[in-house]
Amino acid sequence: MQHAGIDMSTQNAENVYSIYGGEIAFIQIMGGDDAGFGNTVIVKHNIDGNIFYSFYAHLENIEKSISVGKKVDGGDKLGTVGASGYGCQNYWRIGEDGCNASGFLDRHLHFEIKTSPILTNSEGENDCVQKNGELGPCYGYVPTSPLKYGYFDPLKILTEGFN
């Protein structure tokens, strides 16, 4: 399996900012429908006619001033880096004793850039094995190149744009 985005780790709950201006396309509060991503924000961007979505997951909290449809500028705060999701029931943790630990929370931002404002793969097939053993959509990982599944290389977009 290949990771569909990048994870950026920090020990503290650092602020998370929109990479470019755009519009809030999707907000998911941690719960039964979060697919393990916990608190998540997706922003729609249109840069020189290129429409894409930036995806920010495992947030500790989501900025109260944002809502679906709200315009944001590049650099606007979306929330803070956290450990929300279900790595260890309702949070992620690292250390020798894993989920039963008192070790550090695994605070990290799972960041993707993709072609649709959804939690799963935007394109491609239902190639990932689900909890029931059947094939279905992929969440954060894909069996082959992420480009096949509607993901962009986030480091390339951040450093070079769509050139």
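Computed from a predicted structure; not experimentally measured.

Chemist: Got a sec to walk through the state of the cysteines? Specific residues and values, please.
Modeler: Tallied over the full model, the rule gives one disulfide. The disulfide that involves Cys128 links it to Cys138, with 2.1 Å between the sulfurs. Of note, the bridge from Cys128 to Cys138 carries an S-S torsion of about 95° and is right-handed in sense. Of this pair, Cys128 sits in strand S10 (residues 128–129) while Cys138 is found in the loop between strand S11 (135–136) and strand S12 (141–142), placing the two residues 10 residues apart along the sequence. With a relative accessible area of 6%, Cys128 lands in the buried category. Given the relative accessible area of 0%, Cys138 is considered buried.

Chemist: How would you summarise the environment of Pro137 if you had to cite specific residues and measurements?
Modeler: Within the element layout of this structure, Pro137 appears in the loop between S11 and S12. Look at Pro137 and you get partly exposed, because its relative accessible area is 25%. Separated by 15 residues in sequence, Pro137 and Ser122 place their C-alpha atoms 9.0 Å apart. When sequence neighbours within four positions are dropped, the list of residues in contact with Pro137 reads Thr120, Asn121, Asn126, Cys128 and Gln130.

Chemist: Explain the pairing of strand S8 (residues 77–81) to me, and be specific about the residues and the numbers.
Modeler: Burial of S8 is extensive: four of the five residues sit out of reach of the surface. Where strand S6 (residues 50–62) and S8 come together, three bridges link them in antiparallel fashion. Of the residues in S8, the one forming a bridge with Leu59 is Val81.

Chemist: Which residues make up the packing of aromatic side chains, and what values do they have?
Modeler: Tallying each qualifying case throughout the model produces three aromatic pairs. Look at Tyr20 and Phe52: their rings are 5.9 Å apart centre to centre, the planes differ by 85°, and that puts the pair in the edge-to-face class. Taken as a pair, Tyr20 in the loop between strand S3 (15–17) and strand S4 (22–28) and Phe52 in strand S6 lie far apart in primary sequence, 32 residues in all. According to the relative accessible area criterion, Tyr20 is partly exposed, its value standing at 23%. On the numbers, 5.0 Å between centres and 80° between planes, the contact of Phe37 with Phe55 is edge-to-face. Linking Phe37 in the loop between S4 and strand S5 (39–47) with Phe55 in strand S6, this pair joins segments that are 18 residues apart in sequence. Exposure remark for Phe55: the relative accessible area of 0% places this residue in the buried category.

Chemist: Please provide a residue-by-residue account of the pattern of salt bridges, values included.
Modeler: In the structure shown here, the tally under the stated rule is five salt bridges. Residue Lys71 is joined to Glu23 by a salt bridge in which the shortest nitrogen-to-oxygen separation is 2.9 Å. Placement of the pair is Lys71 in strand S7 (residues 71–72) and Glu23 in strand S4, with a sequence separation of 48 residues. Of the charged contacts in the structure, one is a salt bridge between Lys77 and Glu63, with a shortest N-O distance of 3.6 Å. Of the two residues, Lys77 sits in strand S8 while Glu63 sits in the loop between S6 and S7, which places them 14 residues apart along the sequence.

Thresholds, definitions, all that
- Residues numbered from 1 in each chain as written.
- Predicted model: local features only at pLDDT ≥ 70, side-chain atom pairs only at ≥ 80, totals over all residues.
- Heavy atoms only, no water.
- Disulfide = S-S within 2.5 Å.
- Helix = DSSP H or I, 4+ residues; strand = E, 2+ residues; numbered from the N terminus.
- Buried < 20%, exposed > 50% of the residue type's maximum accessible area, 1.4 Å probe, protein only.
- Contact = heavy atoms within 4.5 Å.
- Pairing = 2+ DSSP bridges.
- Phe/Tyr/Trp six-rings, centres within 6.5 Å; stacked < 30°, edge-to-face > 60°.
- Salt bridge = Lys/Arg side-chain N within 4 Å of Asp/Glu carboxyl O.

Worth remembering: the numbers are spatial, not functional.
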